[in-house]
Amino acid sequence: MKSKTAAPPSPAPALDPAAIPQHVAIIMDGNGRWAKARGLPRLAGHKAGTENLRRVIEACVEFGVKVLTIYAFSTENWGRPEDEVSGLMNLFDDVFDRELAELNRQGARLVHIGRLDGVRPNMVEKIRKGEAATRDNQRLTLCVAFNYGGRDEIVHAIQRILADGIAPEDVTDELVSRYMYTADLPDPDLIIRTSGELRTSNFLIWQAAYAEWVFPEVYWPDFGREQLLEALQEYGRRERRFGGVPGAASG
Ligand code: FPP
């Protein structure tokens, strides 16, 4: 596993503006292993991962990414040991308090995707407050997938489609997208999963149909501006085909 680079930050990155992904989504994996490698408790890894988020948000703003979705807590993560779950909840609590001013400073709008039923009420209130306080920011949309699961999202969408009495022949790709938590967001162009694990883990499984994936071999707390830049450069080298043939891509 590569450790954090000691090299100075590159100045103006050579990125083709036309090849910047509009929407980057990240599975922030490897906090536990990062901590273990240092003889620290797992929660120390989550704390480092939370602190790391600020520099990745800054870098997204710098590089012109318009939407950043982060997988903060999945519907399956409730199954982790109780002390890890409560430690994570306390961390989220602190982050929502601490980072709101920073999000406003960065011109970032906070949106949440996932289920809020079952989440403790003070957290729900913080998320709603954060969304309201940053609603008009336009530089970056920070979409936090919290208590989120891709299958759960699809089930939820089907339930609402049926409840709305939509006729089967009216159920189209576009309609289903409008029933997803991400209805107001473009599909992710680039999905990054840190730590070298090669799985989708129930993340944006509907929206990721044509996303490009990269799997940097660093644990999330060590993923920073340089690693994001490398991922964006890698994305710029890909030819997206959307099911078509080389040279005839629609985007
Ligand atoms: C996966 O690493 C990480 C998580 C389940 C939590 C991610 C959350 C953060 C980084 C905090 C983000 C904060 C906010 C408020 C959005 P892991 O524990 O699965 O690591 P391992 O695979 O090495 O055990």
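Refer to the structure presented above.
The paragraphs below set out a description of the structure included in this document. Note that the structure is a prediction, hence the values are computed from the model and not measured.

Calculation criteria
- Residues numbered from 1 in each chain as written.
- Predicted model: local features only at pLDDT ≥ 70, side-chain atom pairs only at ≥ 80, totals over all residues.
- Heavy atoms only, no water.
- Helix = DSSP H or I, 4+ residues; strand = E, 2+ residues; numbered from the N terminus.
- Buried < 20%, exposed > 50% of the residue type's maximum accessible area, 1.4 Å probe, protein only.
- Contact = heavy atoms within 4.5 Å.
- 1 Å grid on protein atoms, 1.4 Å probe; cavity = no way out; pocket = protein on both sides within 12 Å on 5 of 7 lines; lining within 4 Å.
- Points joined across faces, edges and corners; volume = space filled by probe spheres on them.
- Nonpolar A, V, L, I, M, F, W, Y, C, P; charged D, E, K, R; others polar.
- Pairing = 2+ DSSP bridges.
- Axes fitted to C-alpha atoms, helices over the stretch in contact; angles between N-to-C directions.
- Right-handed = clockwise from strand over helix to strand, strands pointing away.
- Core = buried A, V, L, I, M, F, W, Y, C linked by side-chain atoms within 4.5 Å.
- Salt bridge = Lys/Arg side-chain N within 4 Å of Asp/Glu carboxyl O.

### Things to note about the side chain of T134
Part 1 of the reasoning: Counting through the fold element by element, T134 comes out in helix α4 (residues 121–134).
Part 2 of the reasoning: The exposure class of T134 is buried, given its relative accessible area of 0%.
Part 3 of the reasoning: Contact partners of T134, with chain neighbours within four places excluded, come to L100, L103, N104, A108, R109 and L110.

### Focus on the layout of surface pockets
Part 1 of the reasoning: Approximately 880 Å³ is the volume attributed to the largest pocket.
Part 2 of the reasoning: Forming the boundary of the largest pocket are 44 residues, of which M28, N31, Y71, A72 and F73 lie nearest the centre.
Part 3 of the reasoning: Elements with a contribution of two residues or more to the lining of the largest pocket: α1 (31–37), α2 (42–63), β2 (67–74), α3 (82–106) and β4 (140–148).
Part 4 of the reasoning: Among the elements that take part in the lining of the largest pocket, α3 stands out by supplying eleven residues, more than any other.
Part 5 of the reasoning: A class-by-class count of the residues in the lining of the largest pocket yields 20 nonpolar, eleven polar and 13 charged.

### Describing the sheet that holds β2
Part 1 of the reasoning: With parallel pairing, the six strands of this open sheet are ordered in space as β3-β4-β2-β1-β5-β6. Strands at the two margins of the open sheet, each flanked by one partner only, are β3 (108–113) and β6 (212–214). Strand-to-strand twist in this sheet, taken as the mean axis angle between neighbours without regard to direction, amounts to 20°.
Part 2 of the reasoning: Pairing between strand β1 (residues 23–27) and β2: five bridges, direction parallel. What sits directly across from I26, in β2, is I70.

### Details of the pairing of β3
Part 1 of the reasoning: The buried fraction of β3 amounts to five of the six residues, a majority that puts the element mostly inside the structure.
Part 2 of the reasoning: Bridge count for β3 against β4 is six bridges, and the pairing is parallel. The residue of β4 that forms the bridge with H112 is V144.
Part 3 of the reasoning: Crossover connection from β3 via α4 to parallel β4: handedness left-handed.

### Focus: the pairing of β4
Part 1 of the reasoning: Counting buried positions over the nine residues of β4 gives nine, a clear majority of the element.
Part 2 of the reasoning: Note: β2 against β4, seven bridges, orientation parallel. Within β4, the position partnered with T69 by the bridge is C143.

### Here's the deal with the nonpolar core
Part 1 of the reasoning: Grouped together as the largest cluster of nonpolar side chains are 44 residues, with contacts concentrated most on I26, L68, F92, F146 and I192.
Part 2 of the reasoning: Ranked by residue count, the leading element in this core is α2, at seven residues.

### So, the pattern of salt bridges
Part 1 of the reasoning: What the rule picks out here adds up to 25 salt bridges.
Part 2 of the reasoning: Of the charged contacts in the structure, one is a salt bridge between R38 and D222, with a shortest N-O distance of 3.9 Å. Within this pair, whereas R38 is found in the loop between α1 and α2, its partner D222 is found in the loop between β6 and α7 (225–237), the two being separated by 184 residues in sequence.
Part 3 of the reasoning: Using a relative accessible area of 40% as the deciding quantity, one classes R38 as partly exposed.
Part 4 of the reasoning: Between K126 and D97 there is a salt bridge, and its shortest N-O distance comes to 3.0 Å. You can see K126 sitting in helix α4 and its partner D97 sitting in helix α3, a full 29 residues away along the chain.
Part 5 of the reasoning: By relative accessible area, which is 21% here, K126 ends up partly exposed.
Part 6 of the reasoning: By relative accessible area, D97 is classed as exposed at 51%.
Part 7 of the reasoning: In the salt-bridge network here, residues are joined through shared partners; they are D29, R33, R193, E197 and R199.

Note that every value here comes from positions in space, so none of it alone points to a role or purpose.
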